[in-house]
Amino acid sequence: MDQQPPGDRAAAGSGVPTPTCYRHPDRGTGISCTRCERPICPECMVSASVGFQCPDCVRQGSGTGHHPAASRPRTLAGGSVAADPRLVTKILLGINLAVFLLVSVRPALVGDLTLLGRAWDPSPPPGSIEGVAEGQWYRLVTSMFLHEEVVHIGFNMLGLWWLGGQLEAALGRSRYLALYLLSGLAGSALTYLLAAQNQPSLGASGAVYGLFGATAVLMRRMNYDMRPVLVLLAINMVFTFTWGGIAWEAHIGGLIAGVAIAIGMVHAPRERRTAVQAGVCALVLLASVGIVVARTMSLT
């Protein structure tokens, strides 16, 4: 038996061909896109404020009065959904590992990059006074990527990989990077304020503890079981205050900053989300800078 092409099939009781979906020519339909007016089948219909739109018009933002980017998928915090949700985490891991290898080859760099308030450095002769209080503010940042021992960098990078990937996917790349850097800076600032001025400090622990705090906030926001992350955080806090040689100030500073930033990120009202998120990050940055300035004034 001969068959008619799909577009030539007549509607019941008439000689008028039934339109077929422009994306699925074998499916007849009586619905058309309210923007481009092309026929669309139920599978291709996307609900709009008035009628239905086709996938192409939704993707392009055609006729909606919004920029096409408004139709792109967003993360929980409003960031863009990326093809590789761990890209920034991988870059941060790479930077930490690269610095670790560099100081393994040139150990003298540790003294130049570590966090130090104000202390006398006898080498090279005749010696000099070094530290953040002497204008070496870069130490607050470089120390965040500095490790000397394999165990130290191993634990920090494990935490970064385990926590960072999930947070990057949930927040988006730029928000996640801001969380990491500001948490690390807050940890450095509190260490500079509370530790002895001649006590060196280094490591990514402040930033990683910021990720711990942010993970707890995110899990609470999504109504997940928080017990695993709280137990892990409690264990780490016990180590923080019982093991020797740990800069607990960096852990606490990073944790507080991470919690504050994450609250602003995931609880900001949708209509003012970007402004609130930027404002919270700015407040954490200003608080860190204020702490550093106050400590510097007290040391000089």
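The model shown is predicted, which means the values in this text are computed figures rather than measured ones. (Residues numbered from 1 in each chain as written. Predicted model: local features only at pLDDT ≥ 70, side-chain atom pairs only at ≥ 80, totals over all residues. Heavy atoms only, no water.)

A.B. asks: Mind showing me how you'd approach unusual backbone geometry here?
C.D. replies: Excluding glycine, residues mostly have negative phi values, and the peptide bonds linking residues are mostly trans. Within the chain, Asn-223 stands out as a residue other than glycine whose phi angle is a positive 60°. Mapped onto the elements of the fold, Asn-223 is located in the loop between helix H7 (205-221) and helix H8 (227-242). You can call Asn-223 exposed: its relative accessible area is 64%. (Helix = DSSP H or I, 4+ residues; strand = E, 2+ residues; numbered from the N terminus. Buried < 20%, exposed > 50% of the residue type's maximum accessible area, 1.4 Å probe, protein only.)

A.B. asks: Mind showing me how you'd approach the packing of H7 against helix H9 (residues 248-267) here?
C.D. replies: Packed helices, taken two at a time, are described by the angle between their axes plus the distance between the axes. Two numbers describe how H7 lies on H9: the axes approach to 7 Å, and their chain directions differ by 35°. For the pair H7 and H9, the crossing hand works out as right-handed. For the pair H7 and H9, contact is made by Ser-205, Gly-206, Tyr-209, Gly-210, Gly-213, Ala-214, Val-217, Leu-218 and Arg-221 and by Ala-250, His-251, Gly-254, Leu-255, Gly-258, Val-259, Ala-262, Ile-263, Val-266 and His-267, respectively. Across the contact of H7 with H9, the residue classes tally to 10 nonpolar, eight polar and one charged. (Axes fitted to C-alpha atoms, helices over the stretch in contact; angles between N-to-C directions. Left-handed = near helix turned anticlockwise from the far one by under 90°. Contact = heavy atoms within 4.5 Å. Nonpolar A, V, L, I, M, F, W, Y, C, P; charged D, E, K, R; others polar.)

A.B. asks: Is there a simple way to think about the nonpolar core in this case?
C.D. replies: For soluble globular proteins, nonpolar side chains are generally found buried alongside one another. If you look at the biggest cluster of nonpolar residues, it comprises 49 residues, and the most contacted ones within it are Leu-160, Tyr-176, Tyr-180 and Leu-211. Broken down by secondary-structure element, the contributors of at least two residues to this core are helix H2 (87-105), helix H3 (109-113), helix H5 (150-171), helix H6 (173-194), H7, H8, H9 and helix H10 (273-299). Sort the elements by how many residues they give to this core and H7 lands first, with 10 residues. Apart from residues no more than four positions distant in its own chain, Tyr-176 is found in contact with Val-88, Thr-89, Leu-92, Leu-160, Gly-164, Leu-167, Glu-168, Leu-171 and Leu-211. Core analysis: the second largest hydrophobic core is formed by nine residues, Leu-115, Val-132, Ala-133 and Leu-299 among them. (Core = buried A, V, L, I, M, F, W, Y, C linked by side-chain atoms within 4.5 Å.)

A.B. asks: Would you mind going over the packing of aromatic side chains with me for this structure?
C.D. replies: Working definition: an aromatic ring pair is given by the centre-to-centre distance plus the angle between the planes. Per the stated rule, a full pass over the model turns up three aromatic pairs. Look at Tyr-209 and Phe-212: their rings are 5.7 Å apart centre to centre, the planes differ by 55°, and that puts the pair in the tilted class. In this pair, Tyr-209 and Phe-212 are both assigned in helix H7, three residues apart and thus about one turn of the helix distant. A relative accessible area of 5% places Tyr-209 in the buried class. Phe-212 gets classed as buried once you look at its relative accessible area, which sits at 6%. A ring pair is formed by Phe-241 and Trp-248, whose centres lie 5.9 Å apart and whose planes are at 35°; its orientation type is tilted. Since its relative accessible area comes to 34%, Trp-248 is described here as partly exposed. Positioned above the aromatic ring of Tyr-22, the side-chain terminus of Arg-38 is 4.0 Å from the ring centre. (Phe/Tyr/Trp six-rings, centres within 6.5 Å; stacked < 30°, edge-to-face > 60°. Lys NZ or Arg CZ within 6 Å of the ring centre and 35° of its normal.)

A.B. asks: Would you take a moment to explain the packing of H8 against H9 for this structure?
C.D. replies: Following both chains from N to C, one finds H8 and H9 inclined at 150°, their axes separated by 9 Å at the closest point. Note that H8 runs across H9; the crossing there is left-handed. Residue-level inspection shows Leu-233, Met-237, Thr-240 and Phe-241 of H8 in contact with H9, the latter providing Trp-248, His-251, Ile-252 and Leu-255. Classifying every residue of the contact of H8 with H9 by side-chain character gives six nonpolar, two polar and no charged.

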